[in-house]
Amino acid sequence: MPGEWGGSASIMILQMIVLLLPAAFAKAPLSLTIFLTASVANGFTPDTPVPEPSTPSTCFGGLFECMEDENGKEDTTRYKVCGHFCGSGWCGNEWADEDGKYTYGNIKGARKPCNYDAPTSDDENKCIDQCCKVHDQCCNTDIASDKDTGRSARKTCNGQALDCADKCRGKTVSASIVDAVYGSCADQVSYAFSTLSPSPTHCCGAECP
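Below, the structure is looked at part by part. (Residues numbered from 1 in each chain as written. Predicted model: local features only at pLDDT ≥ 70, side-chain atom pairs only at ≥ 80, totals over all residues. Heavy atoms only, no water.)

A word on the state of the cysteines
We apply this condition: In what follows, a disulfide is any cysteine sulfur pair within 2.5 Å. Numbering of helices and strands starts at the N terminus; helices are DSSP runs of H or I of at least 4 residues and strands are runs of E of at least 2.
Per the counting criterion, the structure on display carries eight disulfides. Disulfide partner of Cys 139: Cys 204, at an S-S distance of 1.8 Å. On the sign convention where negative is left-handed, the bridge of Cys 139 and Cys 204, at about -100° about the S-S bond, is left-handed. Pair noted here: Cys 139 is in the loop between helix H4 (126–138) and helix H5 (147–152) and Cys 204 is in the loop between strand S5 (202–203) and strand S6 (206–207), with a separation of 65 residues, a long-range link.

Points about the pattern of salt bridges
Rule in force here: Each reported salt bridge corresponds to a side-chain nitrogen of Lys or Arg within 4 Å of a carboxyl oxygen of Asp or Glu. Relative accessibility under 20% of the residue-type maximum defines a buried residue, over 50% an exposed one, and the middle range a partly exposed one, all with a 1.4 Å probe and only protein chains included.
All told, the structure shown has seven salt bridges when counted by the stated rule. For Asp 97, the salt bridge is made with Arg 78, and the minimal N-O distance between the two is 2.8 Å. One end of the pair, Asp 97, is in the loop between strand S4 (86–88) and helix H3 (100–103); the other, Arg 78, is in strand S3 (residues 74–82), with 19 residues separating them in the sequence. For the pair shown, Asp 97 and Arg 78 are each scored as buried. The residue Arg 169 makes a salt bridge to Asp 179 at a minimum N-O spacing of 3.5 Å. In this pair, Arg 169 is assigned in helix H6 (residues 157–169) and Asp 179 in helix H7 (residues 177–182), connecting sequence segments ten residues apart.

As for the pairing of S3
Test applied: Any two strands with at least two DSSP bridges between them are considered paired.
With four bridges joining them, strand S2 (residues 64–68) and S3 adopt antiparallel strand pairing. The residue bridging Glu 65 from the neighbouring strand is Lys 80, located in S3. Between S2 and S3, which pair antiparallel and follow one another directly, the connecting turn spans five residues, one of which, Gly 72, has a positive phi of 80°. Taken together, the three bridges between S3 and S4 define a ladder with antiparallel strand orientation. By the bridge assignment for S4, Lys 80 is matched with Gly 87. In textbook terms, the turn of a hairpin is the stretch between consecutive antiparallel strands, and for S3 and S4 this stretch comprises three residues, one of which, Gly 83, has a positive phi near 60°.

Right, here's the structure in full:
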């Protein structure tokens, strides 16, 4: 899933929303904060190389599985949500970048290319995992040599992913914040693509040129 997500402004806004949520969410404030922050925190700022992963850890309060850096610390910019393709920096059932074909070796921090020959998961998340795979393939454009052109080619990716997620949910209305916290992986993906920074108005995880 997205190798480019939103920025700090979105995080601040969402943290304010979390603080203002009704007491009805008191049972899961951590999970809610985790989901919202994780969904927008992965800004593509390639300042330092990303090391090869060691043993994956469970992070964000156990909500997601994150990659560990070379020091054994959780890398919260790369996390698995579910299946083989749903997550940030999680593609083809491994830590890989959706657009690594173009960015790996050309942009600092980029990881190896995603293996799109890998199958989707064969469990209750099979439907949404297929959505995530198609989205990753749609976002597999060249932003290394021409960022604007590469991003422009991604204009339809998020809208298609949202439609696909809602079909998996069997609903025509996108997921609410309650669905995102208490629901399925499809609910989380639907909410992310309808409300957060990787929305239908963005080109994958970044604003369109």
